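Here's the letter readout for the chains.
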Amino acid sequence: MRIVLGVSAGIAAYKAVLLARLLTEDGHQVDIIPTPASLEFVGRATWEAISGRPVTTSVFEGVDEVRHVRLGQEADLIVVAPATADLLARIRAGMANDLLTSTLLASEAPKLLVPAMHTEMWRNPAAEENVSVLRERGIEVMEPASGRLTGKDSGPGRLPEPEQIKARIDQLLEPRRPAYADAPRAGTFYAPDHAGQPPLLGRKVVVTAGGTREPLDPVRYLGNRSSGKQGLALARAARAAGAEVTLIAGVMDQAPGPELRGVEVVPVETAAELQGAVRIETEKAHVLIMAAAVADFRPADYAAAKIKKTDDDAAPTITLVRNPDILAETVQRRAQTGTGPAVIVGFAAETGDENTEPLQLAQQKLARKGCDLLVLNRVGENLVFGQEDTEIHILASETAQSALDQDQPVHFAGGKQEAAGVVVRSATALLSSLPPST
Ligand code: CTP
């Protein structure tokens, strides 16, 4: 395959040398386009030696062959590693002031940007907005790794290891599976279908996200550790696939930000509020994705005044009652009335135990809840709560399985945004396999 490897001016440029080597060793033809400033970090001779190809940085070199157009047209994939904050801003703005940005602008090839910068820069609203706009346009922006940065500081912003970037490149270059022909590739959130339309255009997707809070008294509640990240990523992925998206947002670490432009947000706090919102919002929805961590129990009584300590050292007893199962209820309503979402996706976070594997528990949960797809999140040390990375299996009901005609279960390990892309892609594939009336 032909890969263009762009390198911008960050100290992590040295890691791109290793990446280029991994790619050429795999038999790929790699054309390296450094930005002029990046040559301060790694020089042209290194790039030419490692790729065995001529290296230029400006559109005014090799003008006779119109290099930016040719490289862009011939590429199967364009990777930029490291992508600095400045480069992300320039790509977002559509600038073409060097060979790399010109090539990116002139090419329809899939693009993978691998950012590297200081944590403060990565978290700056300007950089965040640039990243989300680029993602909305279908450009994949990898999550940076966390760890030691250039100075003594550490945090998210580090360039992922060359092997990790290479693994993602391998996935992107994998031929598409037939069942996914009309849907976006993993990690790219927008891919037009044959008619040039985003695959979920005209479809309504409801995503629930975050945790619920069940109040005990005016100052206390029972809650859970859901960060809401996976749900936000799902809303973004569905929006980028062209859907009209409603996000029913429970309690989450981070408020839905500007990257959710165009998504309707319905804030809720308790399971009862979530249940009401799901009932209303799914009436006309095509897809429901239940990523919210719904409390299974709530205090039986709500104390209108703060519960106080008493003099006798006694502690109050809290009686809990069951909350409704919103997912199972939506499935039942669809079966009884024939209305509601054609595709219902549930989530399950499982650790497994010494007798039962997480996959087996998920299989049982899928049957119990009756949904069409169930996304299994493996919970364990450093997995799921608040983390950037996740590992999922997507299980399909028997009916969905035969409609999808693909290997089951679908497995993915990596960033939450990419995982969300895989879930939305499966839901899209299932939806498009159903008769048009649904
Ligand atoms: N869910 C729901 N209503 C509830 C509890 C869960 O709609 N009261 C949904 C979640 O949003 C998720 C799925 O059901 O999509 C599975 O959630 P989970 O908490 O794993 O399932 P439980 O039914 O609580 O199963 P268990 O207690 O056996 O883990």
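Since the structure is predicted, the reported quantities are computational estimates derived from the model, not experimental observations. (Residues numbered from 1 in each chain as written. Predicted model: local features only at pLDDT ≥ 70, side-chain atom pairs only at ≥ 80, totals over all residues. Heavy atoms only, no water.)

A.B. asks: When you look at the confidence of the model for the protein in this model, what are you seeing that I'm missing?
C.D. replies: With 92% of its residues at a pLDDT of 70 or more, the protein shows a mean pLDDT of 88. Here strand 6 (residues 145–148) stands out as the element of the protein with the lowest mean pLDDT, 80, in contrast to strand 13 (residues 287–290), whose mean of 98 is the highest. Ignoring residues within four places in sequence, the model shows residues 176–194, a span with pLDDT below 50, making 52 contacts including any to other chains. (pLDDT = per-residue confidence, 0-100. Helix = DSSP H or I, 4+ residues; strand = E, 2+ residues; numbered from the N terminus. Contact = heavy atoms within 4.5 Å.)

A.B. asks: I keep staring at unusual backbone geometry and nothing clicks. Help me out?
C.D. replies: A cis amide bond links Ala81 to the next residue, Pro82, at an omega of -5°. By the secondary structure assignment, Pro82 is in strand 3 (residues 77–83). A positive phi angle is found at Asp313, which is not glycine, with a value near 65°. Mapping Asp313 onto the fold places it in the loop between strand 14 (297–299) and strand 15 (320–322). The exposed category is assigned to Asp313, whose relative accessible area is 75%. (Buried < 20%, exposed > 50% of the residue type's maximum accessible area, 1.4 Å probe, protein only.)

A.B. asks: Just checking my understanding: could you explain the packing of helix 1 (residues 13–25) against helix 8 (residues 162–173) for this structure?
C.D. replies: Helix packing for two helices is described by the angle between their axes and how far apart those axes are. Where helix 1 meets helix 8, the axes come as close as 9 Å, and the angle between the chain directions of the two elements is 45°. By the angle between their directions, the pair helix 1 and helix 8 is classed as oblique. Helix-helix and strand crossings are classified by hand; for helix 1 and helix 8 the assignment is right-handed. Taken together, the residues of helix 8 that come into contact with helix 1 (itself represented by Lys15, Leu18, Leu19, Leu22 and Leu23) are Pro162, Glu163, Ile165, Lys166 and Ile169. Among the residues forming the contact of helix 1 with helix 8, the class breakdown is 7 nonpolar, no polar and 3 charged. (Axes fitted to C-alpha atoms, helices over the stretch in contact; angles between N-to-C directions. Parallel < 35°, antiparallel > 145°, perpendicular 65-115°, else oblique. Left-handed = near helix turned anticlockwise from the far one by under 90°. Nonpolar A, V, L, I, M, F, W, Y, C, P; charged D, E, K, R; others polar.)

A.B. asks: Looking at this structure, I do not really get the pattern of salt bridges. What am I missing?
C.D. replies: Oppositely charged side chains can form a pair if their charged atoms are brought close together. One pass over the full model with this rule turns up 21 salt bridges. Salt-bridge contacts for Lys166 lead to Asp26; the nearest nitrogen and oxygen are separated by 2.8 Å. Linking Lys166 in helix 8 with Asp26 in the loop between helix 1 and strand 2 (29–34), this pair joins segments that are 140 residues apart in sequence. For Arg220, the salt bridge goes to Asp217, with nearest N and O atoms at 2.5 Å. Classification of Asp217 by relative accessible area gives buried; the value is 2%. Through salt bridges that share partners, Arg2, Arg70 and Glu74 make up one connected network. (Salt bridge = Lys/Arg side-chain N within 4 Å of Asp/Glu carboxyl O.)

A.B. asks: Teacher, can you tell me more about the packing of helix 9 (residues 229–240) against helix 14 (residues 416–433) here?
C.D. replies: Running from amino to carboxyl end, helix 9 crosses helix 14 at an angle of 55°, the nearest separation of the two axes being 8 Å. When the axes of helix 9 and helix 14 are compared, the pair comes out oblique. When you trace helix 9 past helix 14, the crossing you get is right-handed. Contacts between helix 9 and helix 14 pair Lys229, Gln230, Ala233, Leu234, Arg236, Ala237 and Ala238 from the former with Lys416, Gln417, Ala419, Ala420, Gly421, Val423 and Val424 from the latter. Class assignment for the residues of the contact of helix 9 with helix 14 results in 8 nonpolar, 3 polar and 3 charged.

A.B. asks: I would appreciate a short explanation of the nonpolar core in the present structure.
C.D. replies: The nonpolar side chains of a soluble globular protein tend to be buried with one another. Within the largest apolar cluster, 43 residues are counted, with the highest numbers of intra-cluster contacts made by Leu234, Leu247, Ile289, Val345 and Leu373. Examining the composition of this core, we find that 9 residues originate from one element, helix 14, more than from any other. Residues within four places of Ile289 in sequence aside, it is in contact with Val205, Val206, Val207, Thr208, Leu234, Val345, Phe347 and Val424. Core analysis: the next-biggest nonpolar cluster, separate from the first, contains 28 residues, Ile32, Leu77, Val79 and Ile165 among them. (Core = buried A, V, L, I, M, F, W, Y, C linked by side-chain atoms within 4.5 Å.)

A.B. asks: Help me understand helix 7 (residues 125–136), please; the structure alone is not making it clear to me.
C.D. replies: What sets the pattern is the α-helix's 3.6 residues per turn: residues three or four places apart point alike. For helix 7, which comprises 12 residues, the first-to-last C-alpha distance of 16 Å matches the rise-based estimate of 16 Å (1.5 Å per residue) to within 8%. Inspection of helix 7 places Ala127, Asn130, Val131, Ser132, Val133, Leu134 and Arg135 among the buried residues, and these make up the whole buried set. The inward-facing, buried residues of helix 7 abut helix 4 (85–93), strand 4 (111–115), helix 6 (119–123), strand 5 (140–141) and helix 14. At the N-terminal end of helix 7, a side-chain oxygen is found 2.7 Å from the backbone nitrogen of Ala126, two or three residues along, and the residue is Asn124. (Expected span 1.5 Å × (residues − 1). Polar contact = N/O pair within 3.5 Å; in protein donor to acceptor, adjacent residues only side chain to side chain.)

A.B. asks: It is not clear to me how the side chain of Thr84 should be interpreted in this structure. Could you clarify?
C.D. replies: With respect to the element layout, Thr84 can be found in the loop between strand 3 and helix 4. We classify Thr84 as buried; its relative accessible area is 12%. Apart from the residues within four sequence positions on either side, Thr84 is in contact with Ser8, Ala9, Gly10, Ala116 and Met117.

A.B. asks: Help me understand the sheet that holds strand 8 (residues 204–209) in this model?
C.D. replies: Strand pairing in a sheet is mediated by backbone hydrogen bonds. Such pairs are either parallel or antiparallel. One open sheet accounts for 8 strands, arranged 12-11-8-13-16-17-18-19; its pairing is mixed. Each edge of the open sheet is held by one strand with a lone partner, namely strand 12 (264–267) and strand 19 (410–415). Each neighbouring strand pair of the sheet contributes to a mean axis angle of 20°, computed without reference to strand direction. Strands in contact with helix 11 (residues 326–337) are strand 13 and strand 16 (343–350); relative to strand 16, the strand with the most contacts, it is inclined by about 155°. (Pairing = 2+ DSSP bridges.)

A.B. asks: Sorry if this is basic, but what is going on with the sheet that holds strand 5 here?
C.D. replies: Taken together, the 5 strands give an open sheet; going across it, the order is 2-1-3-4-5, and neighbouring strands pair in parallel fashion. Strand pairing shows two members of the sheet lacking a second neighbour, strand 2 and strand 5, which therefore form its edges. For strand 1 (residues 2–7) and strand 2, the ladder comprises 6 bridges, and the chain directions are parallel. Note on strand 2: the bridge partner recorded for Ile3 is Val30.

A.B. asks: Please explain the environment of Ile289 as it appears in this structure.
C.D. replies: Secondary-structure assignment places Ile289 in strand 13. Relative accessible area serves as the criterion here: at 1%, Ile289 is assigned to the buried category. Residues Ile289 and Ala13, spaced 276 residues apart in sequence, show a C-alpha to C-alpha distance of 40 Å.

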